[in-house]
Amino acid sequence: MACQCATTADDAKFPPDLVSFIDDWKVKPGCLIMILHKTQETFGFISRASAEQISAMTGISLARIYGVITFYHFFKTAKPGKYKTSVCLGTACYLKGGGDLIEEARSILGIAPDEVTPDGLFSIDEVRCVGCCGLAPVMVVANETYGKLTKDKLSGIFDTYREKG
Amino acid sequence: MGFTLEELRKFRAEKKAEFRNLPGRTHYILTCGGTACQSNKGEELFNALNDEAKKQGLADKVQIVRTGCFGFCEKGPIVKVLPENNFYVEVKPEDAAEIIDVNVKQGKELTRLEFKRPDGTPEPKAAKGGGHAELPPIGFYQKQVRVVLRNCGVINPEDINEYIANDGYLGLEKVLFEWSQEKIIEEMKASGMRGRGGAGFPTWLKWDFARKAPGDVKYVICNADEGDPGAYMDRSTVEGDPHSVIEGMITAGKAIGSHQGFVYIRAEYPLAVHRLEIALKQAQENGFLGKDILGSGFDFDIEIRLGAGAFVCGEETALIQSIEGNRGMPTPKPPFPANKGLWQKPTIINNVETLANIPVITAKGGAWLAAMGTEKSKGTKVFALTGKVQNSGLVEVPMGTTLREIIFEIGGGIKNGRKFKGVQTGGPSGGILTEQFLDTPIDFDSLTANGSMMGSGGMIVMDEDDCVVDVARFYMDFCVDESCGKCSPCRIGTTQILKLLEKITNGNGEESDIEKLDRIGKAMAKASLCALGQTAANPTVSTIKNFKDEYLEHIKDKKCRAGKCKKLLSYAIDLEACIGCSLCAKKCPGECITQLPDVPAGKKKAPFVIDASKCLKCGECFNCCKFKAVVRV
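Residues numbered from 1 in each chain as written. Chains lettered and ligands numbered in written order. Predicted model: local features only at pLDDT ≥ 70, side-chain atom pairs only at ≥ 80, totals over all residues.

J.: So what's going on with helix α2 (residues 32-43) of chain A? Residues and values would help.
T.: Relative to the 16 Å expected for 12 residues at 1.5 Å per residue, α2 of chain A spans 17 Å between its end C-alpha atoms, a close match to the ideal helical length. Here the buried face of α2 of chain A lies against α1 (16-25), α3 (48-58) and α4 (62-71) of chain A together with β7 (301-306) and α12 (316-323) of chain B. (Helix = DSSP H or I, 4+ residues; strand = E, 2+ residues; numbered from the N terminus. Expected span 1.5 Å × (residues − 1). Contact = placed C-beta atoms within 7 Å.)

The structure is reproduced here in structure tokens:
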């Protein structure tokens, strides 16, 4: 039986602006990373189907595309939670308790690294420095930055997002 | 259509006269639009000020400007009101109405929001009408000299006119119309400028190599992939003054004969990318980029390329691989990028801070910059001062300033009255300097001589609650993650060092491990392909050198004096001090704190005890006890 992993229901459907972006860029040398950025911006992650479609559109081999995706921390191959949460573990945040924050956040939400909560709302990443060292320790939820955080504030923050659904 | 030279000069003179001096406007409110302040409700504050000005009928009297970073991130969001030069700290959106009413309408100072000393008395402020870039003469700013950050907190980074009004693109006039390539490089040499990205290579020399390299196609790359955890000066510069980076790149392009530039910038910095996109568009529309710039016949264009979160891409050859769309793995040098760089063409790569210095050098001359600094390191350096220091923030000081001045005068000393332990410079490539180096003037060479390095300028202050072994482990964990895996000294060396450090922090260390760490570190420094591997052991090696007794304590006594290494820690309750309030037992997630059956004589309640076999060592009991009855043993 032939491999069916590429032809499942979630076959990537690229919106027109992504298609035209790829068409514009694919003629430029070194375009792959910019195309991957745009794809991730569109879908939140880069699925196998997306990667295959990029390969078909650009002529870049799937192996090379995966080589690049897996090299860079920024690119994700699994769908993140709706409210993507990043806990900063840059040096300043680490010294001020960022490590405890991420442990607490994971235990509140009951998820391990690379997992998404069953309701699909949250996933937690550790990131290296979001550049707000003056506000350490810092957590970012859905692009909203929370600075000078303490562990006891975490559940309240998650609750506000949960209420939004 | 873009400017010609004459038009630009006339336009600048007009804009300069108008700058913060518009007819009919009585006040100017500058709010910080840097990432840190923006995330601290800075956006809402800016909108609230605008709404209030309209509501109170003063919209045509006051101009509200969103500027770049003031540097004083600890007390953000910052608001400055001109012409009084009132400097407000920790401003909230709710304060907008009062600022407009008291300061703009009544012309009085809103004392409630001014920056105060810890005892509540007001700090001195900058003189009224003392220039729009004036900052209050408080400890935080007094020793600072803002060259790179000259426009941050002064101009609106999203408006090219404000950059032009403040002598923007002034140096470029000379570069395009008066100076030869040799003359530009000569001025760079006279300035003594060394690359601010970390290694401190003379900028003029890099440019000269690329200028002399044969070929018609050459490239200028701006390295804005600030990956050092704990440094954010490049982000703030791009956010607060993107045109100075663009002007620096055009100058570099002319100097080496390149017509295409790339800015390689972290995707994790969306605001910086956004501001840069606006700036590039405005520069193109006004004729500073594109064909025949200002009618000089010189063509230059700039494109943005996004990084994707790989620390190693700060290394020149890895960065080039990444722009080419590959995995960011370094290649051996030589060939150096100045000869064979991007797509095998001569390429120079300069860091954001280096480039932001260029317009000042060209406008004021190399000698102006060279007058500042030490013998071999000229100009200023921006540091991201963070960690256990009173005033976290972005500080720019002349080279040769001592650590003591930076940490204790600018930074205001250690937080919460704790004791200074050390300061980490240079991030994952640097080391920790102790008290004995506090009075060493800081420059590229003095830091290297003392086992650390300048790096990109992260400066993380540690107090007695920080464990140096744990910090060394933290950086090595980072390097294991970030090693690209191409060369074995780095790939295997980082992993082995991490294992040894974990062994020590877990309480299984042996004395011979210290020597092993040192030996692996030396091998990595000699044999690794790129600077990441060559310097990855620095945090470990420097802490072994400066804090050997702490390593020995972990190994021999199985103790961590800072209480950070959890495996070496246990908690107990002082039965005398415990009043039996039960708070710790309620907080304990492991349910391992129980009450003794008997109430001792003279006490109302029986004390509690911790079952060490079940203890998770989370420290909740230690943190919550108000009677200091929980102790670390």
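J.: Explain the interface of chain B and chain A to me, using residue names and the numbers behind them.
T.: Taken together, the contacts link 40 residues of chain B with 30 residues of chain A. Those elements giving two or more residues to the side of chain B that touches chain A turn out to be α2 (35-55), β7, α12, β9 (380-387), β13 (458-463) and α17 (468-482) of chain B. Of the residues forming the side of chain B that touches chain A, the biggest block, four residues, is contributed by α2 of chain B. Taken together, the residues of the side of chain B that touches chain A break down into 16 nonpolar, 16 polar and eight charged. (Nonpolar A, V, L, I, M, F, W, Y, C, P; charged D, E, K, R; others polar.)

J.: Pulling in residues and values, what's your account of the sheet that holds strand β4 (residues 86-88) of chain B?
T.: Residues and elements named next belong to chain B. Spatially, four strands are ordered β2-β1-β3-β4 in an open sheet, and the strand pairing comes out mixed. Because the sheet does not close on itself, it has two edges, and the strands there are β2 (62-67) and β4. Direction aside, neighbouring strands of the sheet carry axes that sit 20 degrees apart on average. One ladder, built from four bridges, connects strand β1 (residues 27-32) with strand β3 (residues 79-82); its direction is antiparallel. Across the sheet, the residue bridging to Leu 30 is Lys 80, located in β3. On the sheet, α2 packs against β1 and β2 and is oriented at approximately 160 degrees with respect to β1. (Pairing = 2+ DSSP bridges. Axes fitted to C-alpha atoms, helices over the stretch in contact; angles between N-to-C directions.)

J.: How would you summarise the nonpolar core if you had to cite specific residues and measurements?
T.: Counting residues in each nonpolar core, the largest one holds 214 residues, and the members touching the most others are Val 138 of chain A together with Leu 49 of chain B. With nine residues, the single largest contributor to this core is α17 of chain B. Ignoring sequence-local partners within four residues, the contact set of Val 138 of chain A consists of Cys 88, Cys 93, Val 130, Cys 132, Thr 145, Tyr 146, Gly 147 and Leu 149 of chain A. Grouped together as the second largest cluster of nonpolar side chains are 12 residues, Cys 584, Cys 588, Ile 593 and Cys 621 of chain B included. (Core = buried A, V, L, I, M, F, W, Y, C linked by C-beta atoms within 7 Å. Buried ≥ 20, exposed ≤ 12 C-beta atoms within 10 Å, placed from the backbone.)

J.: I'd like a rundown of the domain arrangement of chain A, residues and numbers included.
T.: Accessible area lost on assembly of the parts is the figure often given for the size of an interface. On domain assignment, one finds that chain A holds domain 1 (16-71) and domain 2 (83-164). Of note, the centres of domain 1 of chain A and domain 2 of chain A, computed from C-alpha atoms alone, are 29 Å apart. (Domains from an automatic or database assignment.)

J.: Go over the sheet that holds β9 of chain B, please, and point to the residues and values.
T.: Residues and elements named next belong to chain B. With mixed pairing, the five strands of this open sheet are ordered in space as β10-β9-β13-β11-β12. Two strands in the sheet have a free side with no partner beyond their single neighbour: β10 (393-398) and β12 (431-433). Averaged over neighbouring strand pairs, the angle between their axes works out to 30 degrees when direction is ignored. Both strand β11 (residues 420-425) and β13 contribute to a ladder of five bridges, which runs antiparallel. Bridge assignment links Val 423 to a residue of β13, and that residue is Val 461. Packing of helix α15 (residues 403-410) onto the sheet brings it into contact with β9, β10, β11, β12 and β13, and relative to β10 it is tilted by some 140 degrees.

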